[in-house]
Amino acid sequence: MVGEETLFQASARRLTGKGFRPPVVITGAAFRFTVAEQLLAIGIDPETIMIEPEGRNTAPAVLAAALHLFDKDPAAIMLVTPSDHVMPDRDAFQAAVWRGVDAVQKGQVVTFGLVPNAPHTGYGYLELTTCPDGSGAAVALKGFVEKPALQRAQEMVASGNFLWNSGIFLARARDMIDLFKAHAPQMCAPVGQAVAQAAPDLGFLRLAPEPWAKVEDISVDFAVMEHADNLAAVPYTERWSDLGGWDSVWSESTPDKNGVVASGGATAIECTNSLLRSETEGLEIVGVGLNNIVAVAMSDAVLVADMNRAQDVRRVVKALKAKNAPQAVQFPMDHRPWGWFESLVVGDRFQVKRIHVKAGASLSLQSHFHRAEHWIVVEGTAKVTVGDAVKLVSENESIYVPLGSKHRLENPGKVPMVLIEVQTGAYLGEDDIVRHEDVYARCPGE
């Protein structure tokens, strides 16, 4: 989105260096291999990658991490941070973290507030007991304020004792656990059971699903932080954005002299103060005479919005869900541990996909109840198993997989392998997969 690395990689790199232990990452099963690969690519070996059986918002995740860390080291200090923030100055951020450590050692929970440069209505705010003195030291926190109306935001910024809420927290693990015991006790037993019964899984740590399913879906702010009386905030004055909307992407991407940000697949003609972005290779987007417009094109959907309405994208998702549009919940490109695939054409009884398999990777041994498949290799060489037969399929060669047959696709080479898959049948959903063997130990339905 911004820069050469993913937001996740930039966040992980920000938390490395003197005084930092390897990170604990909490994610969903579908993202665990992506997390591991992206960390490996930047040379970070995590302490653990913890897998949530299902997303339950930030409160259970924070408590699970606190319990895990406390079990490893009762004196552990944990820094809780989202994976999608833009904070270019790593040294300044780490300096702010160290300014908060003294308060943490005294039993306080520290959050980090951004000194506002405008009355932004898309951020929550932190109300301080006093105005910051300019030293950057932690200031006692009076309370949280949800995203305000414009007039209220203007009043808060003018007062000088409000900061934007970053959602980043620093605390001793035991103090974080005590917050939950005091303000969300109903969460402690099921999360504790999920952590205690967690099972290793190919280098990951999978939280136990049954107790986790009983946990309330709630943010850490609502669950405990808004009720705590031992909070302080460290003011942060350097660049920061949570990329909460396409307007944030525009501002963080350094607009040109006309205020335009255009990606490689976008062309702007006599446009001003606009963002034009193509997310799909080979798909061009062209803007003519636009002002204050966001236009983002993907292979399955196009968003066009006034820049001032960028925060309303959540309404778009809601509207798409109401009409059962798959674009609301599905990505055009589906990443898997072995590579990725994308749908090129979908009909009533057929689907055409492009499948990209990484060097040395293997799909599961699987079968389907409702579809047959025809594979045409267009790059590299595939090792294909159909029933008891195993053969190599080279470029410009194809093979047929009958309905119900056990089959496996592997890439034995040292370069990526690409094939075109043609599916035919009465039902073509991704849940029509029966895995008989899987080197990635995926659960049914994953």
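Residues numbered from 1 in each chain as written. Predicted model: local features only at pLDDT ≥ 70, side-chain atom pairs only at ≥ 80, totals over all residues. Heavy atoms only, no water.

The protein chain is annotated in an unreviewed UniProt entry as mannose-1-phosphate guanylyltransferase from Actibacterium mucosum KCTC 23349. As its UniProt record puts it under Sequence similarities (unreviewed entry), the protein chain is described as follows: "Belongs to the mannose-6-phosphate isomerase type 2 family." Taken verbatim from the UniProt record of the protein chain, the Catalytic activity (unreviewed entry) comment is "alpha-D-mannose 1-phosphate + GTP + H(+) = GDP-alpha-D-mannose + diphosphate". (UniProt positions renumbered as here; feature names shortened; annotations may be inferred.)

Looking at this structure, how should I read the pairing of strand β21 (residues 371–379)?
Within a regular beta strand, the side chains point alternately toward one face of the sheet and then the other, so they alternate between its two faces. Note: β21 against strand β26 (residues 417–425), eight bridges, orientation antiparallel. Bridged to Glu373 within β26 is Gln423. (Pairing = 2+ DSSP bridges. Helix = DSSP H or I, 4+ residues; strand = E, 2+ residues; numbered from the N terminus.)

What is the right way to read a nonpolar patch on the surface from this model?
Where nonpolar side chains cluster on the molecular surface, the patch consists of Ile269, Val286 and Val288 and spans about 270 Å² of accessible area. Mapped onto the elements of the fold, Ile269 is located in strand β12 (residues 266–269). (Patch = residues over 30% accessible without salt bridge, like charges linked within 9 Å, V, L, I, M, F, W, Y side chains within 5 Å. Areas by Shrake-Rupley, 256 points an atom, 1.4 Å probe, with all protein chains shown as cover. Salt bridge = Lys/Arg side-chain N within 4 Å of Asp/Glu carboxyl O.)

Sorry, what's going on with the sheet that holds strand β1 (residues 24–28) here?
By way of backbone hydrogen bonds, the strands of a sheet pair with one another, either parallel or antiparallel. The mixed open sheet is built from four strands, whose spatial order is β1-β2-β9-β8. The sheet is open, and its two borders are formed by β1 and β8 (199–201), each paired with just one other strand. Strand-to-strand twist in this sheet, taken as the mean axis angle between neighbours without regard to direction, amounts to 35°. In this structure, β1 lies alongside strand β2 (residues 48–52), joined through five bridges in parallel fashion. (Axes fitted to C-alpha atoms, helices over the stretch in contact; angles between N-to-C directions.)

Whenever I open this one, the sheet that holds strand β16 (residues 302–306) confuses me. Can you help?
With mixed pairing, four strands are arranged side by side in an open sheet as β11-β13-β15-β16. The outermost strands of the open sheet, each flanked by one partner alone, are β11 (260–262) and β16. The mean angle between the axes of side-by-side strands here comes to 5°, regardless of whether they run parallel or antiparallel. Note that strand β13 (residues 274–278) and strand β15 (residues 293–297) share four bridges and pair parallel. In the sheet register, Arg277 faces β15, and the bridge partner there is Val296.

Is there a simple way to think about the UniProt feature "domain: Nucleotidyl transferase" (unreviewed entry) in the protein chain in this case?
UniProt's entry tags residues 3–254 with the feature "domain: Nucleotidyl transferase" (unreviewed entry), counted in the numbering of this structure. Summarising residues 3–254: 38% helix, 21% strand, and an end-to-end C-alpha distance of 11 Å.

Would you mind going over the packing of aromatic side chains with me for this structure?
Both the distance between ring centres and the angle between the ring planes are used here to describe each pair of aromatic rings. Evaluation of the coordinates by the stated rule reveals seven aromatic pairs. A ring pair is formed by Phe33 and Phe204, whose centres lie 5.4 Å apart and whose planes are at 80°; its orientation type is edge-to-face. Note that Phe33 is positioned in helix α2 (residues 32–41) and Phe204 in strand β9 (residues 204–206), a separation of 171 residues in sequence. Both residues of the pair, Phe33 and Phe204, count as buried. The interplanar angle of 80° and the centroid separation of 6.3 Å between the aromatic rings of Phe93 and Tyr236 together place this pair among those described as edge-to-face. Linking Phe93 in helix α4 (residues 90–105) with Tyr236 in strand β10 (residues 231–236), this pair joins segments that are 143 residues apart in sequence. A residue is classified by how much of its surface remains accessible, and Tyr236, at 4% relative accessible area, is buried. (Phe/Tyr/Trp six-rings, centres within 6.5 Å; stacked < 30°, edge-to-face > 60°. Buried < 20%, exposed > 50% of the residue type's maximum accessible area, 1.4 Å probe, protein only.)

Hey, could you run me through the UniProt feature "domain: MannoseP isomerase/GMP-like beta-helix" (unreviewed entry) in the protein chain in this one?
UniProt records the feature "domain: MannoseP isomerase/GMP-like beta-helix" (unreviewed entry) for residues 269–320 in the present numbering. End C-alpha to end C-alpha, residues 269–320 measures 30 Å, and it is 15% helix and 38% strand.

Just checking my understanding: could you explain the nonpolar core for this structure?
The nonpolar side chains of soluble globular proteins are, as a tendency, buried together. Within the largest apolar cluster, 43 residues are counted, with the highest numbers of intra-cluster contacts made by Met78, Met176, Phe180, Met187 and Met225. The element contributing the most residues to this core is helix α3 (residues 58–72), with seven residues. With near-sequence residues (within four places) excluded, Met176 lies in contact with Val62, Ala66, Met78, Val80, Phe169, Ala171 and Met225. In this structure, Ala12, Val25, Val393 and Val401 belong to the second largest nonpolar core, which totals 30 residues. (Core = buried A, V, L, I, M, F, W, Y, C linked by side-chain atoms within 4.5 Å. Contact = heavy atoms within 4.5 Å.)

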